[in-house]
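Structure assessment
Given next are the chains, with one letter for each unit.
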Amino acid sequence: METRPSPDEMVQLAVHDAIAARIGCGPITAAEMDAPMRARLRFDATGQITKWRGSDERWHDAAELFRQPKGSRRKSEQERQDEL
């Protein structure tokens, strides 16, 4: 399974935003990362992530996808159902 946004991707974007907002030097604290991380996510009433803002500054749908072998095309839903 592949989750978009990945945790590493969200941390990278939040760190970039936290550094841009800082004035001083030193390590970034968890509190400094919390606000930029939340600003890049939209949640529904149940607390699930529904959209996230990527490095292209556009909002994308959160998704769980099946990982595909490298170099292969993604299978359609019908092809996946036929395999079962």
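A brief report on the enclosed structure follows. Keep in mind the model is a prediction, meaning the values are calculated, not measured.

Looking at the sheet that holds strand E2 (residues 41-43)
Pairing between the strands of a sheet comes from backbone hydrogen bonds, and it takes one of two forms, parallel or antiparallel. Strand order in the open sheet formed by 3 strands is E2-E3-E4, and the pairing between neighbours is antiparallel. Pairing within the sheet leaves two strands with one partner each, and these edge strands are E2 and strand E4 (59-61). The sheet shows a mean angle of 25° between the axes of neighbouring strands, direction not considered. Of the strand pairs in this sheet, E2 and strand E3 (residues 49-53) are connected by 3 bridges, and their pairing is antiparallel. Paired with Leu41 across the strands is Trp52, a residue of E3.

So, the side chain of Asp17
Position of Asp17 among the secondary structure elements: in helix H1 (residues 7-21). Reaching out from Asp17, the side chain makes a polar contact with the side chain of Arg40 at a distance of 2.6 Å. Residues contacting Asp17, with those up to four places away along its chain left out, are Pro36, Arg40 and Arg53.

About the thresholds
Residues numbered from 1 in each chain as written. Predicted model: local features only at pLDDT ≥ 70, side-chain atom pairs only at ≥ 80, totals over all residues. Heavy atoms only, no water. Pairing = 2+ DSSP bridges. Helix = DSSP H or I, 4+ residues; strand = E, 2+ residues; numbered from the N terminus. Axes fitted to C-alpha atoms, helices over the stretch in contact; angles between N-to-C directions. Polar contact = N/O pair within 3.5 Å; in protein donor to acceptor, adjacent residues only side chain to side chain. Contact = heavy atoms within 4.5 Å.

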